[in-house]
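Listed below are the residues making up each chain.
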There are 2 protein chains.
Amino acid sequence: FVQCDADVVGSKSLVNEVELAGIYATVFRKLGVDIELKLNSRKILAALAEHCGGTDKLTDITVAIDKLDKIGLDKVATELVERGLNDQQVDTIKSYLAISGNNRTKLATLRELIPGEHAAAGIEELEYLLNFPGTNYQDAVVVDLTLARGLNYYTGLIFEVKAKNVQMGSIGGGGRYDDLTGLFGVADIPGVGISFGVDRIYDVMDELNLFPKDVRTGTQVLFFNLGEAESKVAFGIIGELREAGVRCELYPEQVKIDKQYKYAEKKQIPFTVSIGTKESEEQKCVVKNLLTREQVTISFSDLIHFNFAK
Amino acid sequence: FVQCDADVVGSKSLVNEVELAGIYATVFRKLGVDIELKLNSRKILAALAEHCGGTDKLTDITVAIDKLDKIGLDKVATELVERGLNDQQVDTIKSYLAISGNNRTKLATLRELIPGEHAAAGIEELEYLLNFPGTNYQDAVVVDLTLARGLNYYTGLIFEVKAKNVQMGSIGGGGRYDDLTGLFGVADIPGVGISFGVDRIYDVMDELNLFPKDVRTGTQVLFFNLGEAESKVAFGIIGELREAGVRCELYPEQVKIDKQYKYAEKKQIPFTVSIGTKESEEQKCVVKNLLTREQVTISFSDLIHFNFAK
């Protein structure tokens, strides 16, 4: 798969998270994709684990929570029991996963369920992003306390992007990783980053018909291939038109004209140009609009000024 | 490594090779990279093998020829002997590899050395590209009979691109592969394609200093971080400036102003903007040009019209 990333390394400031959330909002608005930008903090998950009897439970809890979408709350509870959590702990986690309401309600409920400075630190991060003035991502942000992100190197705020109106997994994700470089032997380099899942974004845009039609069409003008000598003449003109920004191509083989027409129709190429022996001698060509079926005979020198807009 | 390809599938016409050679010439001219576009044909190599006693020698010959650059003519000859070719055959190959002169001379010499229709078919392909009218690649094309391309699926014309004025392997290559899909069980789909070696092209452009300076700089304006409240005000203005196409960023942390200045200088950011408590109240800011050391105090509303060009 193809992934496109934006990262800020070397700074612990939450302003970076604000910037990255803004990049998500800007990019997906430009692409025309309505998104939910899910937010959570690893600090909240760590506080939940602590509250359930110890930070050594963190991985067990996140792995189980991560499956919530797929297997449902009951099976998550079963898995937690299998992973050695007792009934009271599982109940706490169920209460945690059941927190609902708007973003502010969720955070207020959470503050009651898990008191203490560790949860508060995570809640403050989320509030910082929610309350930052003048941002463009507010409509998209959804605090999602069930968001865990599989990767264990995240340390603070975590992001996930879901496209609205289409069945598709996350099309982006990321978070703060203040100890990631430590894994590679270089300590104390904080970082935060987001990813764009390019293949999935393509699929989403394809499903929602967001690609402009002319992106697909590509070629505006098909030059018919009417023989070796004629196509060399055509090729010279094609070069000039391309220089002028017109997207054109020569049908590569001299086959029946019907076949060349069908190719133009199939590829939704709006114009064709014919240069036969006679036209070549007279320095003229026949331009046909395949939509309107209109055609005109014009000189080679006029062709460069022809308006190939549909 | 990252590779970018252009392929035409479904057509045997040599016009496609003309188009692809044109794409190479156009792209590298736009990038400012002077190139040699090396051409050969697998048909010529096959005719050479046939002339040396059989097509079963083709792989032995191409593998050895492919090493010519690295090990030299004598060692290629030694390798050919080891691979079972006799002295007369090795002499023929040495004569072949020694063919020199301009493109037309090379082809004429080759026609004498290897007569017969098979070599002629390859020579005709090369001549088709060399003689095609109105193309933009003529200055770059070098017929290179020692070009073999390691991959055995090529069947016709083969390409390789070498950057001039820089020590670097090929930065592009390709060729016709009329039986490639046969390897995957689908017969009779001809194709021809070229590749761009993106990483190497980057390195070439870097070495030749072809990247424009402002590509590196990126940010035009650094907003100093002078406190939590002030930076939120700055952030709002940054949003407006970005909408207007100005590339700006907020220093993410409130550290000593010296450190923020040094950051701007190191990243060659030409302008800084300061919004302190007083400026924030007065809706003003101080804009400084780090090159000329000039600074002006202007209102927030005027900032959007400020000319941040150096």
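(A) Quick look at the interface of chain B and chain A. Taken together, the 17 residues of chain B in the interface contact 17 residues of chain A. Summing the contributions of chain B and of chain A, the shared interface buries around 1700 Å²; its carbon and sulfur component is 59%. Applying the counting rule to chain B against chain A returns two salt bridges. Joining chain B to chain A, the criterion identifies ten residue pairs in polar contact (both at pLDDT 80 or more). Looking at the side of chain B that touches chain A, the elements that each hand over two or more residues are α1 (15-31) and α10 (228-243) of chain B. Partitioned by chemical class, the residues of the side of chain B that touches chain A number eight nonpolar, three polar and six charged.

(B) Structural view of the sheet that holds strand β10 (residues 284-289) of chain A. Residue and element names in this part refer to chain A. Taken together, five strands build an open sheet; the order of strands is β8-β7-β9-β10-β11 and the sheet is mixed. Of all the strands in the sheet, the pair left with one neighbour each is β8 (248-250) and β11 (295-299). Taking the axes of each pair of neighbouring strands and ignoring which way they run, one obtains an average angle of 25 degrees across the sheet. Across three bridges, strand β7 (residues 221-223) lies against strand β9 (residues 271-274) in parallel orientation. The partner of Val221 across the bridge, within β9, is Phe271. Docked against the sheet, helix α11 (residues 257-266) engages β7, β8, β9 and β10, running at close to 165 degrees with respect to β7.

(C) Looking closely at the side chain of Ser231 of chain B. Residue and element names in this part refer to chain B. Mapped onto the secondary structure, Ser231 falls in helix α10. Take Ser231: its relative accessible area is 1%, and that puts it in the buried class. For Ser231, the residues in contact, after removing those within four places along its chain, are Asn225 and Leu250.

(D) Structural view of the sheet that holds strand β2 (residues 35-41) of chain B. All names here are of chain B. Across the sheet, which stays open at both edges, the six strands sit in the order β1-β6-β5-β4-β2-β3 with mixed pairing between neighbours. The strands lining the two open edges of the sheet, one partner per strand, are β1 (3-9) and β3 (141-143). The mean angle between the axes of side-by-side strands here comes to 15 degrees, regardless of whether they run parallel or antiparallel. Note that strand β4 (residues 157-163) and strand β5 (residues 172-176) share four bridges and pair antiparallel. Each residue of the ladder has a partner; that of Val161, found in β5, is Gly172. Sheet strands in contact with helix α2 (residues 42-51) are β2 and β4, and its direction is about 45 degrees off that of β2.

(E) Spatial organisation of the pattern of salt bridges. Applying the stated criterion across every chain yields a total of 28 salt bridges over all chains. Among the charged side chains, a salt-bridge network with shared partners connects Asp60, Lys67, Glu79 and Arg83 of chain A.

(F) Fine view of the domain arrangement of chain A. In terms of domain boundaries, chain A breaks down into domain 1 (3-207) and domain 2 (214-303). If you average the C-alpha positions of domain 1 of chain A and of domain 2 of chain A, the two centres end up 54 Å apart.

(G) Region of interest: the packing of helix α6 (residues 103-113) of chain B against helix α7 (residues 117-131) of chain B. Residues and elements named next belong to chain B. Between α6 and α7, whose axes approach to 11 Å, the crossing angle comes to 165 degrees. Comparing their axes, α7 and α6 come out roughly antiparallel. Along this stretch, α6 crosses α7, giving a crossing that reads as left-handed. Where α6 approaches α7, its residues Asn103, Arg104, Leu107, Leu110 and Arg111 are matched on the opposing element by Ile123, Leu126, Glu127, Leu130 and Asn131. Taken together, the residues of the contact of α6 with α7 sort by class into five nonpolar, two polar and three charged.

(H) Main features of a nonpolar patch on the surface. There is a patch of nonpolar side chains on the surface, built from Tyr153, Leu183 and Phe184 of chain B and spanning about 360 Å² of accessible area. By secondary structure assignment, the location of Phe184 of chain B is in the loop between β5 and β6 (191-197).

(I) Up close: the packing of aromatic side chains. One pass over the full model with this rule turns up 28 aromatic pairs over all chains. Aromatic side chains Phe306 of chain A and Phe308 of chain A sit 4.8 Å apart centroid to centroid with 50 degrees between the ring planes, which places their arrangement in the tilted category. When its relative accessible area of 25% is taken as the criterion, Phe306 of chain A is described as partly exposed. When the centroid spacing of 6.2 Å and the interplanar angle of 70 degrees are considered together, the rings of Tyr24 of chain B and Phe159 of chain B count as edge-to-face. In this pair, Tyr24 of chain B is assigned in helix α1 and Phe159 of chain B in strand β4, connecting sequence segments 135 residues apart. The exposure class of Tyr24 of chain B is buried, given its relative accessible area of 0%.

(J) Focus on the pairing of strand β5 (residues 172-176) of chain A. All names here are of chain A. Burial analysis of β5 places five of its five residues in the buried class, which makes it a mostly covered element. Note that β5 and strand β6 (residues 191-197) share five bridges and pair antiparallel. The residue of β6 that forms the bridge with Gly174 is Ile194.

(K) Here's a closer look at the environment of Arg293 of chain A. Residues and elements named next belong to chain A. Locating Arg293 in the fold gives a position in the loop between β10 and β11. Residues Arg293 and Pro270, spaced 23 residues apart in sequence, show a C-alpha to C-alpha distance of 9.9 Å. Setting aside chain neighbours within four positions, we find Arg293 in contact with Glu265 and Lys288. Here Glu265 takes part through its side chain, which lies 3.1 Å from a polar atom of the side chain of Arg293.

(L) Spotlight on the state of the cysteines. As enumerated under the stated definition, the model contains zero disulfides over all chains in all. A disulfide-free cysteine, Cys4 of chain A has its sulfur positioned 17 Å from the sulfur of Cys4 of chain B, the nearest such atom. Residue classification places Cys4 of chain A among the partly exposed positions, given a relative accessible area of 39%. In this structure Cys248 of chain A is a free cysteine whose sulfur lies 11 Å from that of Cys285 of chain A, the closest cysteine sulfur available.

(M) Main features of the relation of the copies chain B and chain A. Structural alignment of chain B on chain A gives an RMSD of 0.2 Å, achieved by rotating through 180 degrees and translating 0.0 Å along the axis. A rotation of that kind, with that shift, is consistent with a two-fold axis. Among all residues of chain B, the one whose C-alpha sits closest to the rotation axis is Val2 of chain B, at a distance of 5.7 Å. Same-surface contact between copies: 100% of interface residues of chain B are shared with the interface of chain A.

(N) Local environment of α2 of chain B. Those residues of α2 of chain B lying buried are Arg42, Ile44, Leu45, Ala47, Leu48 and Ala49 of chain B. Between the side-chain oxygen at the start of α2 of chain B and the backbone nitrogen of Lys43 of chain B there is a gap of 3.0 Å, and the oxygen is on Ser41 of chain B.

(O) Layout of the packing of helix α2 (residues 42-51) of chain A against helix α5 (residues 87-97) of chain A. Residues and elements named next belong to chain A. Their axes nearest at 10 Å, the elements α2 and α5 cross at an angle of 150 degrees. One way to sum up the angle between α2 and α5 is to call them roughly antiparallel. Crossing handedness for the pair α2 and α5: right-handed. Contacts from Ile44, Leu45, Leu48 and His51 of α2 reach α5 at Thr92, Ile93 and Tyr96. Across the contact of α2 with α5, the residue classes break down as five nonpolar, two polar and no charged.

Rules used in this analysis
Residue numbers here run from 1 along each chain, matching the order of that chain's written sequence. As a convention, the first chain written is A and the first ligand written is 1, with the rest following in written order. With the structure being a predicted model, the display of local features is reserved for residues of pLDDT at least 70 and the display and counting of side-chain atom pairs for 80 or more, all residues being used for whole-chain, interface and lining totals. In computing side-chain values, all of the structure's heavy atoms are included and hydrogens and water are not. Note on contacts: a residue pair is in contact if any heavy atoms of the two residues lie within 4.5 Å. Reported buried area values correspond to the accessible surface (1.4 Å probe) lost by two parts on association, with both partners' losses combined. Each salt bridge in this description consists of a side-chain nitrogen of Lys or Arg and a carboxyl oxygen of Asp or Glu lying within 4 Å of one another. Whenever two N or O atoms come within 3.5 Å, that pair is a polar contact, provided that in protein one can donate a hydrogen and the other can accept it, and provided that, for residues adjacent in sequence, both atoms are side-chain atoms. Runs of E in the DSSP output that reach at least two residues are strands. Runs of H or I that reach at least four are helices, and both are numbered from the N terminus. Residue classes follow a fixed rule: Ala, Val, Leu, Ile, Met, Phe, Trp, Tyr, Cys and Pro count as nonpolar, while Asp, Glu, Lys and Arg count as charged, and any other residue, Gly among them, counts as polar. When DSSP finds two or more bridges between a pair of strands, those strands are recorded as paired. Only the stretch in contact is used when fitting a helix axis, every axis being a line fitted to C-alpha atoms; angles between N-to-C directions are given from 0 to 180 degrees. Summary of the burial criterion: residues with accessible area below 20% of their type's maximum are buried, those above 50% are exposed, and those between are partly exposed, where the area comes from a 1.4 Å probe applied to protein chains only. Those domain boundaries reflect an automatic or database domain assignment. If an angle is under 35 degrees, it is roughly parallel; if it is over 145, roughly antiparallel; if it lies from 65 to 115, roughly perpendicular; otherwise it is oblique. Each crossing gets its hand from how the near helix is turned against the far one by less than a right angle, where anticlockwise is left-handed and clockwise is right-handed. Patch membership needs two things, relative accessible area over 30% and no salt bridge, and members are linked within 9 Å if like-charged or within 5 Å if nonpolar (Val, Leu, Ile, Met, Phe, Trp, Tyr). Residue burial considers only the protein chains on display, and all accessible areas are found by Shrake-Rupley using a 1.4 Å probe. Aromatic pairs are defined between Phe, Tyr and Trp rings, using the six-membered ring for Trp, whenever the two ring centres lie within 6.5 Å; interplanar angles under 30 degrees are classed as stacked, those over 60 as edge-to-face, and all others as tilted. Here, two cysteine sulfur atoms that lie within 2.5 Å of each other are counted as a disulfide. Overlaid copies result from least-squares superposition on C-alpha atoms, with residues included only where pLDDT is at least 70 in both.

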